[in-house]
Amino acid sequence: MDISNKHITFVWQLNCEYGGGIIPLFSELASELRTKFGCKISWVFPQQSQRRDWIDEIKKNDKVYFVSSVDAYEQDFENILAIIKPDIVHTNFEMMDIAVSKAIHKLGLATKLVFHIHDALRFNKNVELYFIRKHMWNYRMVKRYHKWGKDAYFVPVSEDMAQFVHHYRKHRFLLPPDYQAGKNIEYDRCTIVPNGISTERIDRIPYIKVSEKPTNPFSFLSFGGRIHVKGIDVLISAGDILIHKGYNFQIMLTSTPESRKQVLEYCKEKLGYHSLPDWLKLIDQTQDIASIMNLCNCYVSAARAETFSLAICEATFMRLPIIQSEIAGTQWNESNPSVLTFPNEDSDKLASCMESMINWDKNDLSDKCEITNTNNRNSYSSKKWINTIVDIYKGL
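In short, a report on the structure. (Residues numbered from 1 in each chain as written. Predicted model: local features only at pLDDT ≥ 70, side-chain atom pairs only at ≥ 80, totals over all residues. Heavy atoms only, no water.)

### What to know about helix 6 (residues 159-169)
For helix 6, the tally of buried residues reaches 10 of 11 residues, placing the bulk of the element in the interior. Within the sequence span of helix 6, burial applies to Asp 160, Met 161, Ala 162, Gln 163, Phe 164, Val 165, His 166, His 167, Tyr 168 and Arg 169. Buried positions along helix 6 lie against strand 5 (112-117), helix 5 (130-147) and strand 6 (153-156). Once helix 6 finishes, His 171 follows within two positions and takes phi at roughly 65 degrees, a positive value. (Buried < 20%, exposed > 50% of the residue type's maximum accessible area, 1.4 Å probe, protein only. Helix = DSSP H or I, 4+ residues; strand = E, 2+ residues; numbered from the N terminus. Contact = heavy atoms within 4.5 Å.)

Listed below in structure tokens is the structure:
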């Protein structure tokens, strides 16, 4: 497809206080499409997000539409797409995929459809009514990826999710097997594209070398909006182990009002604290992550599931060493020299990694952080990501 002067619409199931790392990345893509190819860009978001500051930034350059509720998605998309008649619709975060596909078919549009798979989509096997919910899950996934995604092009951010989508596109009503690294699969209409990093919010201030930061206390940082998925309970338990060994440290944890309640509840019920321990500091989520990272000595990702961790990559750009769980979605960073890993959900091994990080020679660690930064900037630049997405559009 010649994408010159085409209309491209980005669809988002996203309503967060800040645009995180993904909205700046797509904003860079939109700028490239406008300036280099003369494209017209529009965006669609849930109604709840319309008062976000980052939405106002998007409106300065592009038209933004809103859909009202899950029950009204199909009719809302029919109304929106009938007006703008886009050449390409690029959906993000799954929830609107089927409604968009139905609207395109009902309107008889020749619109090309791209499904971007960001989330770690796996069925939770520890649920009540397991067999009933399993069949419902399989039905929904086949409906999304085989029926309504039949003509879509898929962009998963990890091989794990590529295997997941491939399984259901083959019309299989069974749970997919666990991720198998290095499995040789020929994917149909699918390109694995790890996220790029828009460095706007990272490079706006100079980074501070690990060797130049105070270590009394040694400060660990983690982003903790979703307690279970992000493994915050695992991290807090590791902190409890470490404090009993006499180490002077602090865990800085970004949080929401809801996650604060969950963290306090965990500390009281599982660890026996009467309040938040002194070594655990909860801070508000913010777009200014560079300043926070400059205050810390190490970034920890204890996530149980990820596809591609923007936070890990951004932390390496700020020359922070990393401790991360051994899961499929973060394997891309494991071989870097300033990284320590631990088995998923293993608080004891995480505590050992934290201890090793505290004791690591800071000049040696600083040198290794520079190597990791170079490796990841070369592999996950926004420019490289944008070129790949543009090539996908051209191939539709």
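### As for the packing of aromatic side chains
For the structure on display, the rule yields 23 aromatic pairs. When the centroid spacing of 5.2 Å and the interplanar angle of 80 degrees are considered together, the rings of Phe 10 and Phe 26 count as edge-to-face. Here Phe 10, found in strand 1 (residues 7-12), pairs with Phe 26, found in helix 1 (residues 22-37); they are 16 residues apart in sequence, far enough to count as distant. A relative accessible area of 0% means that Phe 26 is categorised as buried. The ring centre of Tyr 65 lies 5.5 Å from the NZ or CZ of Lys 63, which sits over that ring. (Phe/Tyr/Trp six-rings, centres within 6.5 Å; stacked < 30°, edge-to-face > 60°. Lys NZ or Arg CZ within 6 Å of the ring centre and 35° of its normal.)

### Section: the pairing of strand 1
Most of strand 1 sits inside the fold, with six of its six residues counted as buried. Of the two faces of strand 1, the one holding His 7, Thr 9 and Val 11 and the one holding Ile 8, Phe 10 and Trp 12 are both buried throughout. This β-α-β element, strand 1 to helix 1 to strand 2 (residues 40-46), shows right-handed connectivity. Here strand 1 runs beside strand 4 (residues 88-92); their pairing, made up of five bridges, is parallel. Residue Ile 8 lies in a different strand from strand 4, and its bridge partner there is Ile 88. (Right-handed = clockwise from strand over helix to strand, strands pointing away. Pairing = 2+ DSSP bridges.)

### Quick look at the nonpolar core
In this structure, Phe 10, Trp 12, Leu 29, Leu 33, Trp 43, Phe 45 and Tyr 393 are the most contacted members of the largest nonpolar core, which totals 61 residues. With eight residues, helix 1 is the single largest residue contributor to this core. Beyond its immediate stretch of four places on either side in the chain, Leu 29 contacts Phe 10, Trp 385, Ile 386, Ile 389, Val 390 and Tyr 393. Core analysis: the next-biggest nonpolar cluster, separate from the first, contains 34 residues, Val 210, Leu 235, Leu 242 and Cys 369 among them. (Core = buried A, V, L, I, M, F, W, Y, C linked by side-chain atoms within 4.5 Å.)

### Some points on helix 5
Three or four residues apart is the spacing at which side chains of an α-helix point the same way, because the helix has 3.6 residues per turn. Between its terminal C-alpha atoms helix 5 stretches 24 Å, which fits the 26 Å expected from 18 residues at 1.5 Å a residue. Of all the positions in helix 5, only Lys 134, Trp 137, Asn 138, Met 141, Val 142, Arg 144 and Tyr 145 are classed as buried. Considering only its buried residues, helix 5 is in contact with helix 4 (97-107), strand 5, strand 6 and helix 6. (Expected span 1.5 Å × (residues − 1).)

### Concerning the pattern of salt bridges
The full count for this structure, using the stated rule, is 15 salt bridges. Arg 204 is paired through a salt bridge with Asp 288; the nearest N and O atoms lie 2.1 Å apart. With Arg 204 in the loop between helix 6 and strand 7 (218-223) and Asp 288 in the loop between strand 9 (280-284) and helix 9 (289-294), this pair connects stretches of sequence that are 84 residues apart. What makes Arg 204 partly exposed here is its relative accessible area of 46%. A salt bridge links Arg 260 to Asp 284, with the nearest nitrogen and oxygen atoms 2.0 Å apart. One end of the pair, Arg 260, is in helix 8 (residues 257-269); the other, Asp 284, is in strand 9, with 24 residues separating them in the sequence. A residue is classified by how much of its surface remains accessible, and Asp 284, at 53% relative accessible area, is exposed. By sharing partners, the salt bridges in this structure join Asp 233, Arg 304 and Glu 345 into a single network. (Salt bridge = Lys/Arg side-chain N within 4 Å of Asp/Glu carboxyl O.)

### Some details on the sheet that holds strand 5
In space, the six strands of this open sheet follow the order 3-2-1-4-5-6, with parallel pairing throughout. Each edge of the open sheet carries a strand with a single partner, namely strand 3 (63-67) and strand 6. On average, each strand axis in the sheet is tilted by 20 degrees relative to the strand beside it, whichever way the strands run. (Axes fitted to C-alpha atoms, helices over the stretch in contact; angles between N-to-C directions.)

### A short note on the packing of helix 7 (residues 232-243) against helix 8
One way to put it is that helix 7 packs onto helix 8 with a least axis distance of 11 Å and a crossing angle of 45 degrees. If you check the angle between helix 7 and helix 8, you find them oblique. Helix 7 and helix 8 meet at a crossing whose hand is right-handed. Mapping the contact onto sequence places Ile 232, Asp 233, Ile 236 and Ser 237 in helix 7 and Val 263, Tyr 266 and Cys 267 in helix 8. Residues that form the contact of helix 7 with helix 8 fall into these classes: five nonpolar, one polar and one charged. (Parallel < 35°, antiparallel > 145°, perpendicular 65-115°, else oblique. Left-handed = near helix turned anticlockwise from the far one by under 90°. Nonpolar A, V, L, I, M, F, W, Y, C, P; charged D, E, K, R; others polar.)

### Side note on the packing of helix 5 against helix 6
The N-to-C vectors of helix 5 and helix 6 enclose an angle of 90 degrees; their axes lie 8 Å apart at closest approach. Considering their axes alone, helix 5 and helix 6 lie roughly perpendicular with respect to each other. Within the contact between the two elements, helix 5 uses Trp 137, Asn 138, Met 141, Val 142, Tyr 145 and His 146 and helix 6 uses Phe 164, Val 165, Tyr 168 and Arg 169. Split into classes, the residues belonging to the contact of helix 5 with helix 6 amount to seven nonpolar, two polar and one charged.

### Structural notes on a nonpolar patch on the surface
A surface patch of nonpolar side chains, about 310 Å² in accessible area, is lined by Leu 129, Ile 132 and Met 136. Looking at the element boundaries, Leu 129 is found in the loop between strand 5 and helix 5. (Patch = residues over 30% accessible without salt bridge, like charges linked within 9 Å, V, L, I, M, F, W, Y side chains within 5 Å. Areas by Shrake-Rupley, 256 points an atom, 1.4 Å probe, with all protein chains shown as cover.)

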